[in-house]
Amino acid sequence: MSSCFCSKSQETEKRGAVPEDQLVISDDSTHPANLICELCKVFYNNGWVTGTGGGVSIREGSKIYIAPSGVQKERMVPDNMFVMDLESENYLRTPLTLKPSACTPLFLSAYKMRDAGACIHTHSQAAVMVTLLYDKVFEISSIEQIKAIPKVAEKGNLMYSDRLVIPIIENTEREEDLTDSLQQAIKEYPGTTAVLVRRHGIYVWGETVWKAKVYNEAIDYLLELAVKMHQLGIPTVKQN
């Protein structure tokens, strides 16, 4: 991934440097604010996010970094980031001219209910299509890429012959109104590391930002494959 970190942006220039800016300005390419920018560009190039849709959040200790609302993903810079204290849910840093992401309460659900280290929300076409083909859950088995997905409820990853199950929740007019149903899905499916939203997209989380990225990539591969299998009349769950 190409670097996107910077020492100053238009946001900082508008209001002048303040102490809170030190939370997001770093020459370290692995700093959460820099990584979010890079991931947003990757997801944009993959076609998983368009315009200002989708979102990424990374946790570092008790602080969570969140991509803002209303910024094109491929143009995002570290100074655009919101920073929140996970325990109090108070913002430690708020960009002057930007709005918080409507995904924030859903990211918080993954952090607090699953102790996630990062959460990704995309509008992948494969994710949307799968929600039109399946009812309450998406299921697939006996595909090699399943082995990239964790069991969650116990140690280790799924095996080739295991069945991957991802719950599907209904979309709402406002993103934040998805929170209750996403939390309910997390409770009802303790083995899931993702939740699909019908006609909308997917939320994926992981123990670290890199694991969340791996899970998201593996799941999207499986979703795209499932759509193609459906077109050819091939069951996604292998029959014995």
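Residues numbered from 1 in each chain as written. Predicted model: local features only at pLDDT ≥ 70, side-chain atom pairs only at ≥ 80, totals over all residues. Heavy atoms only, no water.

1. Re the packing of helix H3 (residues 104–114) against helix H5 (residues 179–188)
For step 1, the next point in the chain: Contact pair H3 / H5: the axes reach a minimum separation of 9 Å and the direction vectors enclose 25 degrees. Classified by the angle between their axes, H3 and H5 sit roughly parallel to one another. With respect to the hand of their crossing, H3 and H5 are arranged in right-handed fashion. Mapping the contact onto sequence places Pro105, Leu106, Ser109, Met113 and Arg114 in H3 and Thr179, Leu182, Gln183, Ile186 and Lys187 in H5.
For step 2, the next point in the chain: Broken down by class, the residue content of the contact of H3 with H5 amounts to five nonpolar, three polar and two charged. (Axes fitted to C-alpha atoms, helices over the stretch in contact; angles between N-to-C directions. Helix = DSSP H or I, 4+ residues; strand = E, 2+ residues; numbered from the N terminus. Parallel < 35°, antiparallel > 145°, perpendicular 65-115°, else oblique. Left-handed = near helix turned anticlockwise from the far one by under 90°. Contact = heavy atoms within 4.5 Å. Nonpolar A, V, L, I, M, F, W, Y, C, P; charged D, E, K, R; others polar.)

2. A closer look at the environment of Pro105
For step 1, the next point in the chain: You can see Pro105 is positioned in helix H3.
For step 2, the next point in the chain: Taking the C-alpha atoms as reference, Pro105 lies 34 Å from His230; in sequence the two are 125 residues apart.
For step 3, the next point in the chain: Beyond its immediate stretch of four places on either side in the chain, Pro105 contacts Glu176 and Thr179.

3. Considering the packing of aromatic side chains
For step 1, the next point in the chain: Counting across every chain of the model gives four aromatic pairs.
For step 2, the next point in the chain: Judged by centre distance (6.1 Å) and plane angle (70 degrees), the rings of Phe107 and Tyr203 are edge-to-face. Pair noted here: Phe107 is in helix H3 and Tyr203 is in strand S9 (residues 201–206), with a separation of 96 residues, a long-range link. Each member of the pair, Phe107 as well as Tyr203, is classed as buried.
For step 3, the next point in the chain: Here Tyr134 and Phe138 contribute two aromatic rings whose centre-to-centre distance is 5.1 Å and whose plane-to-plane angle is 85 degrees, an arrangement assigned as edge-to-face.
For step 4, the next point in the chain: Of the residues examined, Phe138 reaches a relative accessible area of 0% and is grouped as buried. (Phe/Tyr/Trp six-rings, centres within 6.5 Å; stacked < 30°, edge-to-face > 60°. Buried < 20%, exposed > 50% of the residue type's maximum accessible area, 1.4 Å probe, protein only.)

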